[in-house]
There are 2 protein chains.
Amino acid sequence: MARRRQAVTIRHVAEDAGVSLQTVSRVINKEPNVRPAMKERVQASIDRLGYVPSIAAQRMSGSRSYLILAINDREKTIAEWRGRSGTDWVDQMLLGGMLTCDEHGYRMMVELVDTHSDHVERELSATIAALQPDGVILTPPHSENPLITGLLAKRHIPFARIGSLDPGPGIRLTMDDEHSAAMATEKLVSLGHRRIGFIAGPDDYSLSGWRVTGWRAAMEFAGLPTDGLCEKGDFGFETGLEAANKLLDLEDRPTAIIASSDQMTLAVLEAARDRNLKVPQDLSVISFDNTPVVRFTDPPLTAVDQPIAETISRAVELLIMAPKSPLPLEPINVQGQLIERGSIGPAPGANDA
Amino acid sequence: MARRRQAVTIRHVAEDAGVSLQTVSRVINKEPNVRPAMKERVQASIDRLGYVPSIAAQRMSGSRSYLILAINDREKTIAEWRGRSGTDWVDQMLLGGMLTCDEHGYRMMVELVDTHSDHVERELSATIAALQPDGVILTPPHSENPLITGLLAKRHIPFARIGSLDPGPGIRLTMDDEHSAAMATEKLVSLGHRRIGFIAGPDDYSLSGWRVTGWRAAMEFAGLPTDGLCEKGDFGFETGLEAANKLLDLEDRPTAIIASSDQMTLAVLEAARDRNLKVPQDLSVISFDNTPVVRFTDPPLTAVDQPIAETISRAVELLIMAPKSPLPLEPINVQGQLIERGSIGPAPGANDA
DNA sequence: TACCAATTTGCAGACGATCCCGATAAGGGG
DNA sequence: CCCCTTATCGGGATCGTCTGCAAATTGGTA
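This section reports on the structure supplied with the text.

Here is what the cut-offs are and how they apply
- Residues numbered from 1 in each chain as written.
- Chains lettered and ligands numbered in written order.
- Predicted model: local features only at pLDDT ≥ 70, side-chain atom pairs only at ≥ 80, totals over all residues.
- Heavy atoms only, no water.
- Contact = heavy atoms within 4.5 Å.
- Buried area = accessible area lost by both parts, 1.4 Å probe.
- Salt bridge = Lys/Arg side-chain N within 4 Å of Asp/Glu carboxyl O.
- Polar contact = N/O pair within 3.5 Å; in protein donor to acceptor, adjacent residues only side chain to side chain.
- Helix = DSSP H or I, 4+ residues; strand = E, 2+ residues; numbered from the N terminus.
- Nonpolar A, V, L, I, M, F, W, Y, C, P; charged D, E, K, R; others polar.
- Expected span 1.5 Å × (residues − 1).
- Buried < 20%, exposed > 50% of the residue type's maximum accessible area, 1.4 Å probe, protein only.
- Arc of directions from axis to C-beta.
- Pairing = 2+ DSSP bridges.
- Axes fitted to C-alpha atoms, helices over the stretch in contact; angles between N-to-C directions.
- Near = heavy atom within 4 Å.
- Least-squares fit on C-alpha atoms with pLDDT ≥ 70 in both.

Things to note about the interface of chain A and chain B
Logical step 1: Counting residues at the interface gives 61 residues for chain A, matched by 61 residues for chain B.
Logical step 2: Together, the buried faces of chain A and chain B total about 5,100 Å²; carbon and sulfur atoms form 57% of this surface.
Logical step 3: Across the chain A-chain B interface, the total number found is four salt bridges.
Logical step 4: The residue Glu111 of chain A makes a salt bridge to Arg107 of chain B at a minimum N-O spacing of 2.9 Å.
Logical step 5: Inspection of the chain A/chain B interface yields ten residue pairs in polar contact (both at pLDDT 80 or more).
Logical step 6: Those elements that place two or more of their residues in the side of chain A that touches chain B are helix 4 (55–60), helix 5 (74–83), helix 6 (88–103), strand 2 (107–113) and helix 7 (120–131) of chain A.
Logical step 7: Among the elements that take part in the side of chain A that touches chain B, helix 6 of chain A stands out by supplying nine residues, more than any other.
Logical step 8: Here the side of chain A that touches chain B is built from residues that sort into 29 nonpolar, 16 polar and 16 charged.

See the structure below:
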């Protein structure tokens, strides 16, 4: 096959407009110090010839790659794909990220990286060298991996850490997990529940901790006990089931459970069914994530919506602006929302407050 | 910020190994005519320095971009994202595409393109010029857009058309829609159903037609009528509901319905509920797609699984091999599978066959 | 031993855009 | 009207890799 060359280059445009390459370049990059008349003339040539700059060449000559890289956990993502349990993170990342990138003439690429592997550093390092992105978005649990953050910081590549409050380099964006958990808890308290169980996520996600903190704070504020009411899972169905069983087998069984992911909440529904507990009459349930499945369960789940798309969108904007405006040092909180559906109701035996 | 340069270039490797740039290049690209000893020496330097070639520079010098572009319909994809109805196409494309790309050292990028727009051609053309991908994957309905296929053919960019049997340039890969529809129909016939309705997809997807053909053929083979039993939707919920209503309001109501998408099948469930028809006792239902939601409906849906991931994976492999081996002219069929769940049962009033 | 062909290696140029810096043109105060 | 500052524009080098061709090496044969 014949070697493929660029159809229209900056040179053609320059000739057509009768100006230098430099001037065309300035117009493309919207640089100042170009007279309006000149700018118009060049733009006309660009439009007429249908010229589009080659990103490869732009990157080569030391400028931007117009590429934002989004890093996801390989193992987790593939498991979700294979199991067809829905990959809401990827979906919502793409929604928020791609659309925002589009607006600014950038592209987003998703890259899967192994979390639990010795060569995370090499793997990512190679990707960076090959692609040379202008910015990187780290999703949990990568956002808390010091090897990764260290590597990016060393290379001076702007990056965003989603869902992490740990101090360190990079922009931090969270979905205010503490507040969200408190909000869910308060809702249940207001419905008269006094024993509210919580199923936390794994420890290597710091947001797991923040959610527990929010729940505990709201419980204590309401003067309610928390001892023995917090179990732990890994966001997946199986561990969620174990945790749910433990909570529902307690002598003084909770009348409501909040679980840190939709999959774990599905497990709670299953555990309740096994015990002939009706949701929401005997047990109220609130979930985290609000992925598509929660609308189709029986009953549909009340859930804390994680505004992933919006968060990623904010991250993209900040990264794109990075060369010009300094990155915010303080974490940015994007507020979650409690989407009410049929899985919660008044506490059994509680009169109207 | 300081201009970012490549950390380790081919030049460093060449110096380190004491050879010319050329030789290093040959080793990287696995070209013949390099003595084993030399190859080993260069490879050692590459490993030691952690060298990774810059894709931008590779593309610049006229070789590959190691990039496969997957084109999806913007409007449809965004609507699915926003509505959180599940975007199985994007998900499964990424699953099949990214993993296969990874294996070959390629990357996949998803690009959203407006289907119903005058400037499809310009939009795509600009993307091609900017990214210069080594291959393009077109999903329906883009796979049948002559403007797009013509453009790619003219630029000599290898491309794959998913879900289209139309003659023309490019590799064609289908999920054997005709056979799948026939398979679903036969299943219902074997359960004793005699009036089997079909809800087709929109006309601008040629696969819609093939599915109808498969259904009609299976019906006629069984000596069953088809008149008035085929309605049409646009794959979405609302039009699916209209179609379902029409079928269920027929004087001689069908006892089974096959719908061409999961969303339309959800609408069938809704329409059945409105009329107090029990699924599967009064009405059997089979869906197309098998997206994650179908496991959570009541009852879970029997569905024709669309092997999107596998199909895209095949497409990627063929595109990557394109420069060396010629592209197959005949369409490639990837067989779908009928996943049986609770939404089908024997026809009401039919004794065991 | 000498010679020719095939294999292996190196040199210079190209790819398309940007960056640095110098040259020219425009504008403003004395 | 002149000079100096600032806004505009252009020339040449550069980025990292590959392609085309020439040079050097190897190996086998007459």
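Some points on helix 3 (residues 36–49) of chain A
All names here are of chain A.
Logical step 1: For helix 3, with 14 residues, the first-to-last C-alpha span of 20 Å sits near the 20 Å given by 1.5 Å per residue.
Logical step 2: The set of residues buried in helix 3 consists of Val42, Ser45 and Ile46. Buried positions in helix 3, seen along its axis, are confined to an arc of 100 degrees and lie on one side of it. Exposed and facing more than 90 degrees away from the buried side of helix 3 are Pro36, Ala37, Glu40, Asp47 and Arg48.

Some thoughts on the pattern of salt bridges
Pairs can form between side chains of opposite charge whenever their charged atoms are close.
Logical step 1: In this structure the tally under the stated criterion is 28 salt bridges over all chains.
Logical step 2: Salt-bridge contacts for Lys246 of chain A lead to Glu231 of chain A; the nearest nitrogen and oxygen are separated by 3.6 Å. With Lys246 of chain A in helix 11 (residues 237–248) and Glu231 of chain A in strand 7 (residues 230–232), this residue pair connects regions lying 15 residues apart in the sequence.
Logical step 3: Classification of Lys246 of chain A as partly exposed rests on a relative accessible area of 49%.
Logical step 4: Here Asp114 of chain B ties to Arg74 of chain B by a salt bridge, and the two come within 3.2 Å at their closest N and O atoms. Placement of the pair is Asp114 of chain B in the loop between strand 2 (107–113) and helix 7 (120–131) and Arg74 of chain B in helix 5 (residues 74–83), with a sequence separation of 40 residues.
Logical step 5: The exposure class assigned to Asp114 of chain B is partly exposed, which follows from its relative accessible area of 22%.
Logical step 6: Under the relative-accessibility criterion, Arg74 of chain B is labelled buried at 17%.
Logical step 7: Through salt bridges with shared partners, a single ionic network connects Arg74, Asp114 and Glu123 of chain A together with Asp102 of chain B.

Topic: the sheet that holds strand 9 (residues 284–289) of chain A
All names here are of chain A.
Logical step 1: As summarised here, the arrangement of the six strands in space is 7-6-8-9-10-12, forming an open sheet in which the pairing is mixed. Strands at the two margins of the open sheet, each flanked by one partner only, are strand 7 and strand 12 (337–339). This sheet shows a mean twist of 20 degrees between the axes of neighbouring strands, independent of strand direction.
Logical step 2: Here four bridges tie strand 6 (residues 196–200) to strand 8 (residues 256–259), and the two strands are oriented parallel to one another. For Gly197, the partnering residue across the bridge sits in strand 8 and is Ile257.

As for the protein's contact with DNA strand D
Logical step 1: If you check the shell around DNA strand D, you find 29 residues, and the closest are Thr23 of chain A together with Ile10, Ser25, Tyr51 and Ser61 of chain B.
Logical step 2: Atoms of DNA strand D within 4 Å of the protein belong to the sugar or the phosphate in 62% of instances, the rest to bases.
Logical step 3: Contact between DNA strand D and Tyr51 of chain B: a phosphate oxygen at 2.6 Å from a side-chain N or O atom of the residue.
Logical step 4: For the surface near DNA strand D, the secondary structure elements donating two or more residues are helix 2 (21–28) of chain A together with helix 1 (10–17), helix 2 (21–28) and helix 4 (55–60) of chain B.
Logical step 5: Counted by class, the surface near DNA strand D contains nine nonpolar, 14 polar and six charged residues.

Comments concerning the relation of the copies chain A and chain B
Logical step 1: Overlay of chain A on chain B (RMSD 0.2 Å): rotation 180 degrees, translation along the axis 0.1 Å. The transformation relating the two chain copies, once decomposed into turn and shift, fits a two-fold axis. Nearest to the rotation axis, the C-alpha of Ala56 of chain A is located 2.2 Å from it, this being the minimum over chain A.
Logical step 2: Comparing contact sets, 100% of the residues at the interface of chain A also lie at the interface in chain B, consistent with an isologous, same-surface contact.

Read these as spatial facts, not as claims about activity.
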